[in-house]
Amino acid sequence: MEGGGWRPSDGCWLQPAWRLVDPRHSVSDRYSVSDWCFQLASIFEEIFLETKEQYEKLIKDGVLMFQQVPLVEIDGMKMVQTRAILSYIAGKYNLYGNDLKERALIDMYVEGITDMMQTILMFPFSPPEAKEKNLDSVKERATNRYFPVFEKVLKEHGQDFLVGNKFSWADVQLIEAILAVEEKIPAVLSGFPQLQAFKIRMSNVPTIKKFLQPGSPRKPPPDECYIETVQKILKI
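A few points on the structure. (Residues numbered from 1 in each chain as written. Predicted model: local features only at pLDDT ≥ 70, side-chain atom pairs only at ≥ 80, totals over all residues. Heavy atoms only, no water.)

1. Notes on the overall build of the protein chain
Part 1 of the argument: Check the secondary structure of the protein chain and you find nine helices and seven strands.
Part 2 of the argument: The buried share of the protein chain, reckoned over its 236 residues, is 47%.
Part 3 of the argument: As presented, the protein chain carries roughly 12000 Å² of accessible surface, and 53% of it is formed by carbon and sulfur atoms. (Helix = DSSP H or I, 4+ residues; strand = E, 2+ residues; numbered from the N terminus. Buried < 20%, exposed > 50% of the residue type's maximum accessible area, 1.4 Å probe, protein only. Areas by Shrake-Rupley, 256 points an atom, 1.4 Å probe, with all protein chains shown as cover.)

Take a look at the structure:
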């Protein structure tokens, strides 16, 4: 595979099967392990699952602990489970707070954002007749349950970042979630001035700004080719 997920032979965009982080390390995605954390942490190389046989070989070789992706090779370890992977990356690259209390806050915020993102991640796999209903669910969950929490946090402490006035994993996850929801519902932040300002600040963080530019490793929304490939390989 070449070009951060672009397959030149047929123009199909896929998610990575591995990401190599630092000198020689790697990640594998079911739908989306946060590209953002890896971009902020270091350079990575991606390898892609294109066939069911590749996936089955990983299982046979004992590489996938629970017979599922994502998978990361980093610091001599083969890591699985999205939360464990991102926690390690956040801790390694100083994105995980200054003490246990800050880590607890980051964990709570990240867990909430992850819950919200489940509807976004599964949306492309919805049957056509369910898409409108699922889109309404995305909007309802974002505007009534999750975004109000972060709007209140930012308003009450008056700081630029969610935890300890320091850039953290929680900020990365939140800007990723905001942009993902906006792709489906462009005006979703209309009632959230604090989140609008947060989005502008985060989008101007140099590493994030670079990641948002055309030609970066950031993945576009899943297309039909991606959906078909994931369903074929992972049987979902």
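2. Things to note about the environment of Leu64
Part 1 of the argument: Positionally, Leu64 belongs in the loop between helix H2 (52–60) and strand S6 (71–74).
Part 2 of the argument: For the pair Leu64 and Val80, spaced 16 residues apart in sequence, the C-alpha to C-alpha distance is 7.0 Å.
Part 3 of the argument: Excluding anything up to four places from it in sequence, Leu64 contacts Tyr55, Leu58, Ile59, Val69, Leu71 and Val80. (Contact = heavy atoms within 4.5 Å.)

3. Let's talk about the side chain of Glu182
Part 1 of the argument: Mapped onto the elements, Glu182 comes out in helix H6 (residues 169–184).
Part 2 of the argument: Excluding anything up to four places from it in sequence, Glu182 contacts Val188, Leu189 and Lys199.

4. Focus on the packing of helix H4 (residues 100–122) against helix H5 (residues 131–157)
Part 1 of the argument: Where H4 contacts H5, the axes come no closer than 10 Å and their chain directions differ by 160 degrees. As far as their axial angle goes, H5 and H4 are roughly antiparallel. Seen from above, H4 lies across H5 with left-handed handedness. Where H4 abuts H5, its residues Tyr109, Gly112, Ile113, Asp115, Met116, Thr119 and Ile120 lie against Ser137, Val138, Arg141, Ala142, Tyr146, Phe147, Phe150 and Val153.
Part 2 of the argument: Taken together, the residues that form the contact of H4 with H5 break down as ten nonpolar, three polar and two charged. (Axes fitted to C-alpha atoms, helices over the stretch in contact; angles between N-to-C directions. Parallel < 35°, antiparallel > 145°, perpendicular 65-115°, else oblique. Left-handed = near helix turned anticlockwise from the far one by under 90°. Nonpolar A, V, L, I, M, F, W, Y, C, P; charged D, E, K, R; others polar.)

5. Digging into H5
Part 1 of the argument: Here H5 spans 37 Å end to end across 27 residues, near enough to the 39 Å set by a 1.5 Å rise per residue.
Part 2 of the argument: Of all the bends in H5, the greatest, near 45 degrees, is centred on Phe147, and the proline Pro148 appears no more than four residues after it.
Part 3 of the argument: Within H5, the full set of buried residues consists of Val138, Arg141, Ala142, Tyr146, Phe147, Phe150, Glu151, Val153 and Leu154.
Part 4 of the argument: In the core, the buried residues of H5 are packed alongside H4, H6 and helix H7 (193–203). (Expected span 1.5 Å × (residues − 1). Bend = angle between axes of the 7 residues up to and from the residue.)

6. Brief notes about helix H9 (residues 224–234)
Part 1 of the argument: Among the residues making up H9, those that are buried are Tyr226, Ile227, Thr229, Val230, Ile233 and Leu234. The buried side chains of H9 occupy one side of the element, clustering within an arc of 165 degrees when seen end-on. For H9, the exposed residues set more than 90 degrees away from the buried face come down to Glu224, Glu228 and Lys232.
Part 2 of the argument: Lys235 sits one or two positions beyond H9 and adopts a positive phi of about 55 degrees. (Arc of directions from axis to C-beta.)

7. As for the pattern of salt bridges
Part 1 of the argument: The tally for this structure, following the rule as stated, stands at eight salt bridges.
Part 2 of the argument: For Asp75, the salt bridge goes to Lys92, with nearest N and O atoms at 3.0 Å. Residue Asp75 is found in the loop between S6 and strand S7 (77–80), and its partner Lys92 is found in helix H3 (residues 82–92); the two are separated by 17 residues along the sequence.
Part 3 of the argument: According to the relative accessible area criterion, Lys92 is partly exposed, its value standing at 36%. (Salt bridge = Lys/Arg side-chain N within 4 Å of Asp/Glu carboxyl O.)

8. A word on the pairing of S7
Walk down a regular strand and you will see the side chains alternate between the two sheet faces.
Part 1 of the argument: The pairing of S6 with S7 spans four bridges and is classified as antiparallel. Bridge pairing in S7 links Ile74 to Met77.
Part 2 of the argument: Connecting S6 to the next strand, S7, in antiparallel fashion are two residues, including Asp75 with a positive phi near 50 degrees. (Pairing = 2+ DSSP bridges.)

9. Re the packing of aromatic side chains
Part 1 of the argument: For the coordinates displayed, the defined rule picks out four aromatic pairs.
Part 2 of the argument: Here Tyr109 and Phe150 contribute two aromatic rings whose centre-to-centre distance is 5.6 Å and whose plane-to-plane angle is 75 degrees, an arrangement assigned as edge-to-face. Of this pair, Tyr109 sits in helix H4 while Phe150 is found in helix H5, placing the two residues 41 residues apart along the sequence. Considered together, Tyr109 and Phe150 belong to a single accessibility category, that of buried residues. (Phe/Tyr/Trp six-rings, centres within 6.5 Å; stacked < 30°, edge-to-face > 60°.)

10. Here's the deal with the nonpolar core
Part 1 of the argument: Grouped together as the largest cluster of nonpolar side chains are 41 residues, with contacts concentrated most on Phe147, Leu162, Trp169, Leu174, Val181 and Leu195.
Part 2 of the argument: Mapped by element, the contributors of at least two residues to this core are H3, H4, H5, H6 and H7.
Part 3 of the argument: Apart from residues no more than four positions distant in its own chain, Leu162 is found in contact with Tyr109, Phe150, Val153, Leu154, His157, Ala170, Asp171 and Leu174.
Part 4 of the argument: Leu64, Ile227, Val230 and Leu234 belong to the second largest nonpolar core, which has 14 residues in total. (Core = buried A, V, L, I, M, F, W, Y, C linked by side-chain atoms within 4.5 Å.)

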